[in-house]
Amino acid sequence: MIEFSVVDWAAWAPGLTERSQWMGWADAPFLPQGEGTPSLAEVPAMQRRRIERLGRMAIQAACWCEDAQGADSDVPLVFASRHGDVARSMDLLGSLAASEPLSPTGFGLSVHNAIAALYSIARGHRGNYLALAAGQSTVETACLEAAGLLADGAKEVRVVVYESPLPDVYAEFADEPDPFFAWCWRLAPSGTAGTGLRLAWEPAADAGNTAPGLLPHALDLHRFLLSSAAPTLEHVTQGQRWCWSRHG
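Residues numbered from 1 in each chain as written. Predicted model: local features only at pLDDT ≥ 70, side-chain atom pairs only at ≥ 80, totals over all residues. Heavy atoms only, no water.

A. Layout of the nonpolar core. Judged by nonpolar contacts, the single largest core of 40 residues is most densely connected at Phe4, Trp22, Trp185 and Trp244. Ranked by residues supplied to this core, first place goes to helix 7 (residues 138–151) with seven residues. With sequence-adjacent residues up to four places away left out, Trp22 is seen in contact with Trp9, Ala11, Trp12, Ala13, Leu16, Thr17, Leu219, His222 and Leu226. (Core = buried A, V, L, I, M, F, W, Y, C linked by side-chain atoms within 4.5 Å. Buried < 20%, exposed > 50% of the residue type's maximum accessible area, 1.4 Å probe, protein only. Helix = DSSP H or I, 4+ residues; strand = E, 2+ residues; numbered from the N terminus. Contact = heavy atoms within 4.5 Å.)

What follows is the structure, encoded as C-alpha cells:
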C-alpha cells in the first residue's frame, strides 16, 4: 500500500480546457470528443511546431501544473501512456512498407520518452524524468514510481498521464474507450496539504478484468480525484486488483 497527497492538478481534453469545466465534468462525466489542440503558449513557436497533438496536450497539462517557480529542474517527472504517440509510429511503418526513407526526426519523436524529452528541452528541465507504459495498470505503475521517488527524498513528483485514440489498424485490440486527454498531478508525501490518496493492491488471478465503462481507466481515476461521490475506485486487470481510496 502507498499513500500520497495530490497538491495540485491540471488537465486538457477536447471541450475541457478550463478547471471549472473539469469540476463540472467530474459530477457528470462524458467521453471527450472534438478536434481542439492546446495553444501551448509556454513553448517557443519553433519548438512547438515539432510537437504533435498528443504531445501538446501532455506538455500543456505539465506546464499548467508547474508551481510558481516554473519548470523547477529539481522536481522528478513521470510521464505515462499506454500507447504513446502510436499514430506517428504507424506513419513510420507505412513508410517502411512502401520502401520509402524514414524521417530521422519522425523516428526520434516516435520513441516512448519523446514527449517527456520535448517538455524537458522546452522548459529547461534538467532533473530526473522517465516514461513508462504498463497496459491497463499504467497509471498505477506511474504512481508507484512516484511513491518510490518520494520515499527516496523527493519533495514532490509530477505525474503526467496522456492517451490518444488507437489507429484504425489496431481498433480491434482496444479494450477500453480511447479519447484524447492528458492530466498532470503534483504528488507530495502523505500528510501534505491537498487531497490524500491511498493505493492498495492484491493478486486477483481468478477475477475477470474490470468491464470497460464510459471512460478509460486513467481518465476515470482523474474523475475520482475531482469528485467525492464515491469513496473508493477498484480496478482489476492483468491478474491484479487495484483499490484507490481517499485518506486524511
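B. Seen up close, the packing of helix 3 (residues 53–64) against helix 6 (residues 114–123). At a closest axis distance of 10 Å, the pairing of helix 3 and helix 6 adopts a crossing angle of 50 degrees. Considered as vectors, helix 3 and helix 6 are oriented oblique to each other. As helix 3 runs across helix 6, the sense of the crossing is right-handed. When helix 3 is examined against helix 6, the residues Leu54, Gly55, Ala58, Ile59, Ala62 and Cys63 are found in contact with a partner set consisting of Ile115, Leu118, Tyr119 and Arg123. The residue inventory of the contact of helix 3 with helix 6, partitioned by class, reads eight nonpolar, one polar and one charged. (Axes fitted to C-alpha atoms, helices over the stretch in contact; angles between N-to-C directions. Parallel < 35°, antiparallel > 145°, perpendicular 65-115°, else oblique. Left-handed = near helix turned anticlockwise from the far one by under 90°. Nonpolar A, V, L, I, M, F, W, Y, C, P; charged D, E, K, R; others polar.)

C. Region of the structure containing the pairing of strand 5 (residues 181–189). Most of strand 5 sits inside the fold, with eight of its nine residues counted as buried. Where strand 1 (residues 2–12) meets strand 5, eight bridges bridge the pair, whose relative direction is antiparallel. Counted as the bridge partner of Asp8 is Arg186 from strand 5. Direction of pairing for strand 4 (residues 157–163) relative to strand 5: antiparallel, over a ladder of seven bridges. In the strand pairing of strand 5, Tyr162 is matched with Ala182. (Pairing = 2+ DSSP bridges.)

D. Local environment of the sheet that holds strand 7 (residues 232–237). Spatially, eight strands are ordered 3-2-4-5-1-6-8-7 in an open sheet, and the strand pairing comes out mixed. Edge strands, defined here as strands with exactly one partner in the open sheet, are strand 3 (129–132) and strand 7. Going from strand to strand, the sheet's axes swing by 25 degrees on average, the running direction of each strand aside. With seven bridges joining them, strand 6 (residues 195–203) and strand 8 (residues 240–246) adopt antiparallel strand pairing. Note on strand 8: the bridge partner recorded for Arg198 is Ser245. Strands in contact with helix 8 (residues 217–226) are strand 1, strand 4, strand 5, strand 6, strand 7 and strand 8; relative to strand 5, the strand with the most contacts, it is inclined by about 55 degrees.

E. Summary view of a nonpolar patch on the surface. A contiguous nonpolar surface patch, about 570 Å² in accessible area, is contributed by Leu93, Leu96, Leu102, Val169, Tyr170 and Phe173. Residue position: Val169 is located in the loop between strand 4 and strand 5. (Patch = residues over 30% accessible without salt bridge, like charges linked within 9 Å, V, L, I, M, F, W, Y side chains within 5 Å. Areas by Shrake-Rupley, 256 points an atom, 1.4 Å probe, with all protein chains shown as cover. Salt bridge = Lys/Arg side-chain N within 4 Å of Asp/Glu carboxyl O.)

F. Geometry of helix 6. Burial of helix 6 is extensive: seven of the 10 residues sit out of reach of the surface. Buried within helix 6 are the following residues: Ala114, Ile115, Ala116, Leu118, Tyr119, Ser120 and Ala122. Directly beyond the C-terminal end of helix 6, a positive phi value near 65 degrees is found at Gly124.

G. Looking closely at the pairing of strand 8. Where strand 7 and strand 8 come together, six bridges link them in antiparallel fashion. Pairing of Thr232 across the sheet is with Ser245, part of strand 8. Between strand 7 and strand 8, which pair antiparallel in sequence order, lie two residues; one of them, Gln238, sits at a positive phi of approximately 50 degrees.

H. Up close: the packing of aromatic side chains. Taken as a whole and judged by the stated rule, the model has six aromatic pairs. Ring centres of Phe79 and Tyr119 lie 6.0 Å apart, and the angle between their planes is 50 degrees; on these two criteria the pair is classed as tilted. Taken together, the positions of Phe79 in strand 2 (residues 77–80) and Tyr119 in helix 6 put the pair 40 residues apart, joining distant regions of the chain. Relative accessible area serves as the criterion here: at 1%, Tyr119 is assigned to the buried category. Centroid distance Trp183 to Trp185: 4.3 Å. Interplanar angle 25 degrees. Geometry classified as stacked. There is no split in this pair, since Trp183 and Trp185 are both buried. (Phe/Tyr/Trp six-rings, centres within 6.5 Å; stacked < 30°, edge-to-face > 60°.)

I. Region of interest: the pattern of salt bridges. Taken as a whole and assessed by the stated rule, the structure comprises 11 salt bridges. Measuring nitrogen to oxygen at the nearest pair gives 2.9 Å for the salt bridge that ties Asp175 to Arg82. Of this pair, Asp175 sits in the loop between strand 4 and strand 5 while Arg82 sits in the loop between strand 2 and helix 4 (86–97), and the two are 93 residues apart along the sequence. Asp175 gets classed as partly exposed once you look at its relative accessible area, which sits at 35%. Two residues, Arg82 and Glu176, come together in a salt bridge whose shortest N-O distance is 2.9 Å.

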